[in-house]
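# Understanding the architecture of this molecule
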Amino acid sequence: MSDALVSEALRVYRRYQHEVVEGFRLCPWAEKARLDGRVREVVRLDRAPDVAPTLVDVDALMDDAQVDIGLVLFPRLDVARVAFERFV
């Protein structure tokens, strides 16, 4: 189940990136970074916000010189928008 969920989260995000972010030119770097292989996504399967492991993922993305755009995706997170904004 978790491998399928990770794959589906990446598929949905990448479709959004291509069709919305790049399609409407919302980010001037998105398309080039994707085409150059400099986008990395991390999928966390947590059901509640957990700062410590998320910061480990963010630090790893920041430390990778091959990453221009790093994203942490939370397909199972079950929190209200305001709580998620506080978490972020």
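As shown above, the structure is provided for reference.
Just so we're clear, the structure is a prediction, and the values are computed from it rather than from any experiment.

### Observations regarding unusual backbone geometry
For R25, which is not glycine, the phi dihedral falls at a positive 55°. Here R25 shows up in the loop between α1 (2–22) and α2 (30–35).

### Observations regarding α1
Helical geometry: 3.6 residues make up each α-helical turn, so side chains three or four residues apart lie on a common side. Compared with an ideal rise of 1.5 Å per residue, which puts 21 residues at 30 Å, α1 spans 28 Å between its outermost C-alpha atoms and is within 8% of the ideal. Along its length, α1 shows its largest kink, about 25°, at Y16. Every buried residue belonging to α1 is among A9, L10, Y13, Q17, V21 and E22, and all of these are buried. Considering only its buried residues, α1 is in contact with α2, β1 (39–43) and β2 (69–73).

### Details of the packing of aromatic side chains
Using the criterion set out here, one finds four aromatic pairs in the structure. Taking the centre distance of 5.6 Å and the plane angle of 80° together, the rings of F74 and F87 count as edge-to-face. You can see F74 sitting in the loop between β2 and α4 (81–87) and its partner F87 sitting in helix α4, a full 13 residues away along the chain. As far as the burial class goes, F74 and F87 line up, both buried. Summarising the aromatic geometry, the rings of F84 and F87 are spaced 6.1 Å apart at their centres and angled 45° between planes, so their arrangement reads as tilted. In this pair, F84 and F87 both sit in helix α4, three residues apart, roughly one turn of the helix. According to the relative accessible area criterion, F87 is buried, its value standing at 17%. Grouped by ring-pair contacts, the aromatic residues F74, F84 and F87 constitute a single cluster.

The rules we used
- Residues numbered from 1 in each chain as written.
- Predicted model: local features only at pLDDT ≥ 70, side-chain atom pairs only at ≥ 80, totals over all residues.
- Heavy atoms only, no water.
- Helix = DSSP H or I, 4+ residues; strand = E, 2+ residues; numbered from the N terminus.
- Expected span 1.5 Å × (residues − 1).
- Bend = angle between axes of the 7 residues up to and from the residue.
- Buried < 20%, exposed > 50% of the residue type's maximum accessible area, 1.4 Å probe, protein only.
- Contact = heavy atoms within 4.5 Å.
- Phe/Tyr/Trp six-rings, centres within 6.5 Å; stacked < 30°, edge-to-face > 60°.

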